[in-house]
Amino acid sequence: MNNKLLKPLGLGLLTALSVASQSAVAEGDAVSIINDKCVACHAKESDTSWSRISHMRKTPEGWLGTIGRMQVMHGLEISSEERATVMKYLADTQGLAPSETEGYRYALEQRMNTHEEFESGLFTEMCARCHSGARVKLQHRPESEWMHLANFHIGQYPTIEYHALARDRDWWPIVKEQMVPMLGKQQPLESTAWSEWLKAGDEAVVGSWSVAGHMPAKGDLHAVMTVTEKEGDDMYAVALEGAFADGTPLTGEGSAIVYTGYEWRASIKVGDETMRQVFAVQDGTMTGRMYSADDDSRGMDITAAVESGKARVLAVQPAYIKAGTETELTIVGANLSGEPSLGKGVAVVKVLKSSDNLIKVLAKAGKAEGVNTVAVGTTSGAELAVYSSVAAVKVVPEFAVARVGGNGGSTAPVEARFDAEAWAAGKDGKAGTDDDFRIGFMPASWTAKAFDEQAAADEDLKYAGTLSDNGVFSPAGAGPNPDRKMSTNNAGHLTVVGTVTDGDSSVEAEAELIVTVQRWNTPPIP
Amino acid sequence: MKMTNKALLPLLAVSAVAGLTGCKEDAKPEAAEATKVTLEQGHEYMVVSNRPSQMHVIDLESEALIKSCDVPGDFGPGTLQIAPDHVTAYMLTDHYEKIYAVNLDSCDVVFSADMSQAPDERAKTLYSMALSPDGKELYTIQTPTKLYADHYEAMEPRLAVYDTASGKDAKPVRTFEVPRQISVMQVADDGTLYMAGADIYKMDVTSGKVDVAIPSRNWERPLYAPPDVLNVWPIQTPQNEFTILYSTAKFTDETYDMNTATWLWGYFNVDLETGETETRDFAEFTEIYFTGMRSPADPNIMFGVLNHLAKYDIKEQKLVKSADLEHSYYTVAMNHAGSKVYLGGTFNDVAVYDAETLEKTNDIPLPGGDISPSTAQVFIR
């Protein structure tokens, strides 16, 4: 095989979204780089328009994937700085409006355990069987460009019409006659959302941000993120200072860039680990995911609010209190002022600590169950569950994929991380009915077992990896294992059991875990 | 040549890594110096290809590798067809874009052809390669993409006919339009070209007229789902048949309830001597096989392989025996007597099984890397 075709197009490339080395970016620079590097193939149509390039809109990751493909497949020679300049220009001038990314940001955030569902079975079978459907949904083109994309698929991947779910149908006529017109209609180049977004001003990001979040199998976190201007177009220096609920610090420094006026991409060194941030900035808030550059499964859900903006309550940690008990709760927010209130039946016994972005209280819950709204002064936000007993547990995610890695190979292992989500039975006292309410993620004990008879016979539990006490599955090393039947690798099919102890009783739930081989092809959008 | 499992396993590990990463093997086959060995009349051989880019000839009587010939180009897929003269073997390689023919006596490259016919096209052949009964013509299906400066255009596939006497850099002598999605092909004794695609087509290679020989996607079998056919291994059987496995679901009634459907294996068959065709279920679907072959000794016996070597009684639709394998094998081949089953594909060895007992009797390691999706061919000189 030609090794040229096998260069990973992924995690390495994603670094390019947020590296500190990005230089000053100006539209003029980008245009001259495009005129210098791209016009050999892309005809110049006007001063700022080129064939193909100027007739589509996509996310920063989408543009990165395209330029990366031009480098790997078509011999484009471009420096990292030049690529960053072009990417910034294209994402800014031909990006997606925030509303156009809604519902598909999981792909940008590298949430690899997302189970996609689309209304159109045809779309699922024709597009989402090879890559995420989100990769398609995050592009806008006129029909003629969708047609080019379809032709590219068959030219670049000639086996495409021989795959399962392709060889059972007249694949190419369906692409041309059904898929292309459908995509051209549903995701056209021009949209009101985009033209309105272009008229709106960029989101402001400089300042201090109060951050709340949760990391599966680790717990809640809060932090303060300070953003200052840096040389370069929409470039920022970032300092993060905070901690997880268990006291582990979450502190680091890095740099960020904002694409398309709202797409925040940062790279922050936390201890030895480089963490990426993929956030959408909107009206003084940031939401998204922060994850490890080495293992995208190690990530946390983040919401943040700028401290100079509106008052906001972001979270209460933990988000539950047992009826009739006293416990410490932390309210995370921004610009908080006034008295904290935990809703009906939950008294604030004492305010232990109070600042603009953090209020720590000793709370006491009465006997009444339910979901309360947390407020500080006149600002309300997070929900606090008051429960008397845990009636049911769900393991989140219910279906996860971990991947073997390391062991001398080029690809690192990918963990799976589990949380136990507790639920209360509600008024009717029965679990599994409409009036159940979510209590929240609770500490649990964890065990794994073979998923089925086949997994037991193949000793998957022995070979596939180990599950820690806190719900982190670490897969075993990559490569054929001579000790296994047929020298197979350390793949496995397991059931993960999470058990929540509530007083004298315990409630358990299961999740399915597939431990499989490495992802060799890791484009910026899965 | 038999290796112990202990010796074999590290070899497998190395070849698996090579297969996954696409690394080229540095080691040249030791047997390459034996390129001058000529094949003996009446003797039974196997030709098989692997990485980095070789054809190997195995003497099936001694079950020993007797020679290795280098083939130009980047290996892949390595699909082989032995010519009717049993002197020349054709290999599809170089990223599915080139066919080379090698004289197995001299190891000389005697024929080559680019699937692309113009500087602005890139044509791939998806395992579609067959030879006329007299060996004078080579048939391939080329699926071209037209390469414009800033976009591609998917073109319709064509059947390209080559004169095998054209030597190197041959050009097609005739071309015909053919349906999309065709993979493997075989030629009948009367010269009719059979092609496995949406249906099993037959083509008059002079006029280019295409008819359906066996309906597959378009079959009309009441209470059956359309079959699934994955066939990229052009097996040449000792009994001169074109056999294609299918899997399907048979429903109990017209509610077409998947929950009560029976999942079945079956085969399409063209008798290349008579042109007689057959569509027949032979087993319940319990696992995947990549290839299957009826025994030349007993046409009622079907062998299937991927993660097991399985043996079925076709009439009884019953599994007779199943053997565990040391690793996956993609392709099955048999000797003309029908007494031995050879498993190839995947890694860099050919495993030999007794057709009666399914006991493993030998393992023939190949120098170099993975056989990958290549298909071994058995022939008598």
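Note that the coordinates shown come from a computational prediction; the quantities given were computed from them, not determined experimentally.

**Side note on the overall build of chain A**
Link 1 in the chain: Looking only at helices and strands, one finds 13 helices and 30 strands in chain A.
Link 2 in the chain: For 526 residues, the compact-globule formula gives about 24 Å, and the C-alpha radius of gyration of chain A, at 25 Å, lands near that figure.
Link 3 in the chain: The dimensions of chain A, computed from C-alpha atoms along their principal axes, are 75 × 60 × 45 Å.
Link 4 in the chain: Each of the 526 residues in chain A was classed as buried or not, and the buried ones make up 51%.
Link 5 in the chain: Contacts in chain A between residues far apart in sequence, at least 24 positions, make up 60% of those at least 6 positions apart.
Link 6 in the chain: With the model as given, the accessible surface of chain A reaches about 22,600 Å², and the carbon-plus-sulfur share is 50%.
Link 7 in the chain: Here chain A contributes 48 positive and 70 negative side-chain charges, whose respective centroids are spaced 2 Å apart.

**Focus on the overall build of chain B**
Link 1 in the chain: Along its length, chain B carries one helix and 29 strands.
Link 2 in the chain: Relative to a compact globule of 381 residues, whose C-alpha radius of gyration would be 21 Å, chain B shows 20 Å and is just as compact.
Link 3 in the chain: Taking all 381 residues of chain B together, the buried fraction comes to 59%.
Link 4 in the chain: A separation threshold of at least 6 residues defines the contact pool for chain B, and within that pool the share at least 24 residues apart is 51%.
Link 5 in the chain: Total accessible area computed for chain B in this model is approximately 14,800 Å², and 50% of it derives from carbon and sulfur atoms.

**Some details on the interface of chain A and chain B**
Link 1 in the chain: Taken together, the contact pairs 31 residues of chain A with 37 residues of chain B.
Link 2 in the chain: Summed over both partners, the interface of chain A with chain B comes to about 2,900 Å²; 54% of that surface belongs to carbon and sulfur atoms.
Link 3 in the chain: Summed over the shared surface of chain A and chain B, the number is three salt bridges.
Link 4 in the chain: The partner of Arg167 of chain A in a salt bridge is Asp228 of chain B, with the nearest N and O atoms 2.7 Å apart.
Link 5 in the chain: One can count 15 residue pairs in polar contact (both at pLDDT 80 or more) joining chain A with chain B.
Link 6 in the chain: Secondary structure elements with two or more residues in the side of chain A that touches chain B: helix H9 (143–156) and helix H10 (171–186) of chain A.
Link 7 in the chain: It is H9 of chain A that contributes the most residues to the side of chain A that touches chain B, six residues altogether.
Link 8 in the chain: Classifying every residue of the side of chain A that touches chain B by side-chain character gives 14 nonpolar, 11 polar and six charged.

**Comments concerning the domain arrangement of chain A**
By a frequent convention, interface size equals the accessible area lost on bringing the separate parts together.
Residue and element names in this part refer to chain A.
Link 1 in the chain: Here the domain parsing of chain A yields domain 1 (3–195), domain 2 (207–299), domain 3 (312–387) and domain 4 (394–516).
Link 2 in the chain: One C-alpha centre belongs to domain 2, the other to domain 4, and the line joining them spans 28 Å.
Link 3 in the chain: The partner domain 4 presents 11 residues to the 10 residues of domain 2 that form the contact.
Link 4 in the chain: Roughly 770 Å² is buried in total at the junction of domain 2 and domain 4, and carbon and sulfur atoms are behind 48% of that figure.
Link 5 in the chain: Here domain 2 is connected to domain 4 by one salt bridge.
Link 6 in the chain: Between Glu415 and Arg298 there is a salt bridge, with its nearest N and O atoms 3.4 Å apart.
Link 7 in the chain: For the pair domain 2 and domain 4, the interface holds seven residue pairs in polar contact (both at pLDDT 80 or more).
Link 8 in the chain: Its residues placed into classes, the side of domain 2 that touches domain 4 shows three nonpolar, two polar and five charged.

**A closer look at the environment of Glu45 of chain A**
All names here are of chain A.
Link 1 in the chain: Its location among the elements puts Glu45 in strand S1 (residues 44–46).
Link 2 in the chain: A relative accessible area of 42% means that Glu45 is categorised as partly exposed.
Link 3 in the chain: In this structure the C-alpha to C-alpha distance between Glu45 and Trp194, which are 149 residues apart in sequence, comes to 22 Å.
Link 4 in the chain: Filtering out sequence-adjacent residues up to four positions away, Glu45 remains in contact with Trp50, Ser51 and His55.

**Notes on the nonpolar core**
What tends to happen in soluble globular proteins is that the nonpolar side chains get buried as a cluster.
All names here are of chain A.
Link 1 in the chain: With 61 residues, the main nonpolar core has Phe123 and Trp171 as its most contacted residues.
Link 2 in the chain: Of all the elements, H10 adds the most residues to this core, at eight residues.
Link 3 in the chain: Two domains each donate at least three residues to this core, and these are domain 1 (3–195) and domain 2 (207–299).
Link 4 in the chain: Every residue in contact with Phe123, bar those within four places of it in the chain, is listed here: Phe118, Ala128, Gly133, Val136, Lys137, Met179, Met182 and Leu183.

**Brief notes about the sheet that holds strand S24 (residues 419–424) of chain A**
Residues and elements named next belong to chain A.
Link 1 in the chain: Pairing is antiparallel in the open sheet, where three strands are placed in the order S21-S24-S25. The open sheet terminates on both sides in strands that have one partner only, identified here as strand S21 (392–396) and strand S25 (437–442). Between one strand and the next, the sheet's axes are offset by a mean angle of 30°, whatever the strand orientation.
Link 2 in the chain: Alignment of S24 against S25, held across five bridges, turns out to be antiparallel.

**Some thoughts on the pattern of salt bridges**
Link 1 in the chain: Under the defined criterion, the tally for this structure stands at 44 salt bridges over all chains.
Link 2 in the chain: Here Lys218 of chain A ties to Asp246 of chain A by a salt bridge, and the two come within 2.9 Å at their closest N and O atoms. Of this pair, Lys218 of chain A sits in the loop between strand S5 (207–215) and strand S6 (219–229) while Asp246 of chain A sits in the loop between strand S7 (235–244) and strand S8 (249–259), and the two are 28 residues apart along the sequence.
Link 3 in the chain: Glu278 of chain B serves as the salt-bridge partner of Arg280 of chain B, at 3.4 Å between the closest nitrogen and oxygen.
Link 4 in the chain: Here the salt bridges share partners, and the residues they tie into one network are Glu273, Asp295, Arg298, Glu415 and Arg417 of chain A.

**So, the pairing of strand S19 (residues 262–271) of chain B**
Residues and elements named next belong to chain B.
Link 1 in the chain: Burial of S19 is extensive: seven of the 10 residues sit out of reach of the surface.
Link 2 in the chain: In this structure, strand S18 (residues 241–250) lies alongside S19, joined through 10 bridges in antiparallel fashion. Among the inter-strand pairings, Ser247 is bridged to a residue of S19, identified as Trp265.
Link 3 in the chain: The pairing of S19 with strand S20 (residues 277–284) spans seven bridges and is classified as antiparallel. Paired with Phe268 across the bridge in S20 is Thr279.
Link 4 in the chain: Where S19 folds back on S20, the antiparallel hairpin that results is connected by five residues, among which Gly275 adopts a positive phi of roughly 80°.

**What to know about the sheet that holds strand S23 (residues 416–417) of chain A**
All names here are of chain A.
Link 1 in the chain: The strand order S23-S28-S27 describes an open sheet built from three strands, whose pairing is antiparallel. Edge positions in the sheet fall to S23 and strand S27 (465–467), since each of these pairs with one other strand and no more.
Link 2 in the chain: Judged from the two bridges that link them, S23 and strand S28 (residues 472–475) form a sheet pairing that is antiparallel. Looking across to S28, one finds that Arg417 is bridged to Val472.

**Thoughts on unusual backbone geometry**
Link 1 in the chain: For the bond from Val396 of chain A to Pro397 of chain A, the omega torsion is -5°, close enough to zero to count as cis.
Link 2 in the chain: Looking at the element boundaries, Pro397 of chain A is found in the loop between S21 and strand S22 (399–403).
Link 3 in the chain: Residue Arg51 of chain B is joined to Pro52 of chain B through a cis peptide bond whose omega torsion reads 0°.
Link 4 in the chain: Relative to the helices and strands, Pro52 of chain B resides in the loop between strand S1 (44–50) and strand S2 (54–59).
Link 5 in the chain: Phi at Ala217 of chain A takes a positive value of approximately 65°, unusual for a residue other than glycine.
Link 6 in the chain: As for its placement among the helices and strands, Ala217 of chain A is situated in the loop between S5 and S6.
Link 7 in the chain: Phi is positive for Ser487 of chain A, which is not a glycine, with a value near 55°.
Link 8 in the chain: Examined against the element boundaries, Ser487 of chain A turns out to sit in the loop between S28 and strand S29 (492–502).
Link 9 in the chain: Owing to a relative accessible area of 10%, Ser487 of chain A belongs among the buried residues under this scheme.

**So, the packing of helix H3 (residues 60–74) of chain A against helix H4 (residues 80–93) of chain A**
Residues and elements named next belong to chain A.
Link 1 in the chain: Running from N to C, H3 and H4 point in directions that differ by 135°, and their axes come no closer than 9 Å. In this view, H3 runs oblique relative to H4, as classed from their interaxial angle. Relative to H4, the crossing made by H3 is right-handed. Judged by residue contacts, Pro60, Trp63, Leu64, Ile67 and Gln71 of H3 engage Arg83, Val86, Met87, Leu90 and Ala91 from H4.

Cut-offs used in this document
- Residues numbered from 1 in each chain as written.
- Chains lettered and ligands numbered in written order.
- Predicted model: local features only at pLDDT ≥ 70, side-chain atom pairs only at ≥ 80, totals over all residues.
- Heavy atoms only, no water.
- Helix = DSSP H or I, 4+ residues; strand = E, 2+ residues; numbered from the N terminus.
- Rg over C-alpha atoms; globule rule 2.2 N^0.38 Å.
- Buried < 20%, exposed > 50% of the residue type's maximum accessible area, 1.4 Å probe, protein only.
- Contact = heavy atoms within 4.5 Å.
- Areas by Shrake-Rupley, 256 points an atom, 1.4 Å probe, with all protein chains shown as cover.
- Lys, Arg positive; Asp, Glu negative; His and termini not counted.
- Charge placed at Lys NZ, Arg CZ, Asp CG, Glu CD.
- Buried area = accessible area lost by both parts, 1.4 Å probe.
- Salt bridge = Lys/Arg side-chain N within 4 Å of Asp/Glu carboxyl O.
- Polar contact = N/O pair within 3.5 Å; in protein donor to acceptor, adjacent residues only side chain to side chain.
- Nonpolar A, V, L, I, M, F, W, Y, C, P; charged D, E, K, R; others polar.
- Domains from an automatic or database assignment.
- Core = buried A, V, L, I, M, F, W, Y, C linked by side-chain atoms within 4.5 Å.
- Pairing = 2+ DSSP bridges.
- Axes fitted to C-alpha atoms, helices over the stretch in contact; angles between N-to-C directions.
- Parallel < 35°, antiparallel > 145°, perpendicular 65-115°, else oblique.
- Left-handed = near helix turned anticlockwise from the far one by under 90°.

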